[in-house]
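# Tertiary structure, described
Listed here are the chains, written in short residue letters.
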Amino acid sequence: MITARGFDVDYGRGQLAGRLDNIGPWVALTQPEPWERLGPTLPAAPEQIIWAGDLRPAHLDSLIADLPAEAALVGIGGGSAMDTAKWLHHRTGRTLVQVPSLPSVDACFTRMTALRDAGGVRYEGDSVPEVVIVDFDLIWSAPRALVSGGIGDVLSCHTGLFDWALGAAAGRDAPWDEEAAARGREYLDDLEVLAPLLAAGEDQGIEMLMECHRDIGWLCHELGHARFEEGSEHFWAYAFEHVTGRTIMHGELVTLGVLVMSILQGNDPDRPRRIADAAGARTDLDELGVAWSEVEAALVRLPSFVEEQRLWYSVANGLEVGPEQLGAARRALRVLD
Ligand SMILES: [Zn+2]
């Protein structure tokens, strides 16, 4: 198991209640669903609840004037809650505590805020929380499929590392860094171990997965890029969102991307399939409410999409998408003819 570097983290049960004793007035930056689960268990009500969702910088900045004086910022929920809290911390310097509600949430371990601006995503700011609280009760109270879906952004190292090697060999983008690549391979080894623990509802599965996210956040900051964990599987996911105009849970979408792209890379596709199944992650298109035609449209669009968006070099560049490749993708996702 890796020894993670990165932000301070507190694993346990009900820890936020204790923290609130000495935090003073506080504001919750949250979403209805996790708040319903955690809010009633807390001894002190927040001065204010801010519902996260709108990540346009103009909106976030408009919240600052109404913040109660001296109140600490406590993000509780998914990525948008973490990002809202991070941005307000960046702008005001208030105390920041992050409480992720799912183990897919790496936004609590990254320093920049993913702002939505001019129809795209822009990363800005630099926020380090006082502590990240991982409350096992809060996480296990979420639907189990969403918990298992948390593997996606670690599983992506499988295809991301392959694409990084391709890009480095082609003299494109970030040069190869063997130490970072070795780290990426260790995360995947950890995933093999933690996947069945996650499926069995063991706290250790959550802790190991969050430790991977924590170290990934640290490594991204150290390297200044995320090539070891972001490649054609993410690009396919972005293409999916582009052609369908919708999305599904990020970790689940990225997991589909890893299954499809690893087979097209000729890169041991059995391994991510084995891990996803062991973790109990949903990969069945019907179960995910995804049509094969959407997967296919995203794949057909992918080669031109990566050029237009100037995404990092990967197997998607110049990829021929014909009957053979589509057949392979169908096999990877177990789509019956
Ligand atoms: Zn991701």
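Residues numbered from 1 in each chain as written. Predicted model: local features only at pLDDT ≥ 70, side-chain atom pairs only at ≥ 80, totals over all residues.

On to the pairing of strand E8 (residues 131-135), then. Of all 5 residues in E8, 4 are buried, a share of seventy percent or more. By the bridge criterion, 4 bridges tie strand E1 (residues 9-12) to E8 in an arrangement that is parallel. Considered in E8, the bridge of Tyr11 is made with Val134. For strand E5 (residues 96-100) and E8, the ladder comprises 2 bridges, and the chain directions are parallel. Residue pairing in the sheet places Gln98 in a bridge with Val132 of E8. (Buried ≥ 20, exposed ≤ 12 C-beta atoms within 10 Å, placed from the backbone. Helix = DSSP H or I, 4+ residues; strand = E, 2+ residues; numbered from the N terminus. Pairing = 2+ DSSP bridges.)

For the protein chain, the domain assignment lists domain 1 (9-140) and domain 2 (144-332). Taken together, the contact between domain 1 and domain 2 spans 13 residues of the former and 20 residues of the latter. Secondary-structure elements contributing two or more residues to the side of domain 1 that touches domain 2 are E1 and helix H5 (136-140). For the side of domain 1 that touches domain 2, the element with the most residues is H5, which contributes 3 residues. (Domains from an automatic or database assignment. Contact = placed C-beta atoms within 7 Å.)

This part takes up the sheet that holds strand E3 (residues 48-51). With respect to topology, 6 strands assemble into an open sheet ordered E1-E8-E5-E4-E2-E3, the strand pairing being parallel. Edge positions in the sheet fall to E1 and E3, since each of these pairs with one other strand and no more. Across the sheet, the axes of successive neighbouring strands diverge by a mean angle of 20 degrees, strand direction being ignored. Across the sheet, helix H4 (residues 79-92) is in contact with strand E2 (26-30), E3, strand E4 (72-77) and E5; its angle to E4 comes to roughly 165 degrees. (Axes fitted to C-alpha atoms, helices over the stretch in contact; angles between N-to-C directions.)

This part covers the nonpolar core. Core analysis: the biggest nonpolar cluster contains 90 residues, and Leu29, Val74, Ile151, Leu209, Trp236 and Val260 have the highest contact counts within it. Of the residues forming this core, the biggest block, 9 residues, is contributed by helix H11 (residues 250-265). Built from parts of two domains, this core gets at least three residues from each of domain 1 (9-140) and domain 2 (144-332). Ignoring any residue separated from it by four or fewer positions in sequence, one finds Leu29 in contact with Ile50, Ala52, Leu73, Val74, Gly75, Ala81, Thr84, Ala85 and Leu88. (Core = buried A, V, L, I, M, F, W, Y, C linked by C-beta atoms within 7 Å.)

Here the focus is the pairing of E3. Across 4 bridges, E2 lies against E3 in parallel orientation. Looking across to E3, one finds that Thr30 is bridged to Trp51. You can see the chain leave E2, run along helix H2 (residues 32-38) and come back into E3, and the turn it takes is right-handed. (Right-handed = clockwise from strand over helix to strand, strands pointing away.)

This part takes up helix H12 (residues 270-279). An α-helix turns once every 3.6 residues. As a result, residues three or four positions apart point the same way. Among the residues making up H12, those that are buried are Pro272, Ile275, Ala276, Ala278 and Ala279. For H12, the buried positions fall inside an angular range of 165 degrees around the axis, keeping them on one side. Backbone geometry just downstream of H12 places Gly280 in the positive-phi region, at approximately 75 degrees. (Arc of directions from axis to C-beta.)

So, on to the packing of helix H8 (residues 178-199) against H12. Orientation of H8 relative to H12, taken along the N-to-C sense of each, is 25 degrees, at an axis distance of 7 Å. By the angle between their directions, the pair H8 and H12 is classed as roughly parallel. Contact with H8, carried on its side by Leu191, Glu192, Ala195, Pro196, Leu198 and Ala199, involves Ile275, Ala278 and Ala279 of H12 and no other residues of that element. Residue composition of the contact of H8 with H12, by class: 8 nonpolar, no polar and 1 charged. (Parallel < 35°, antiparallel > 145°, perpendicular 65-115°, else oblique. Nonpolar A, V, L, I, M, F, W, Y, C, P; charged D, E, K, R; others polar.)

Take H4 next. For H4, which comprises 14 residues, the first-to-last C-alpha distance of 20 Å matches the rise-based estimate of 20 Å (1.5 Å per residue) to within 8%. Within H4, 11 of the 14 residues are buried, which leaves the element mostly enclosed by the surrounding structure. Residues of H4 that are buried in the fold lie against E2, E3, helix H3 (57-62), E4, E5 and strand E6 (113-117). (Expected span 1.5 Å × (residues − 1).)

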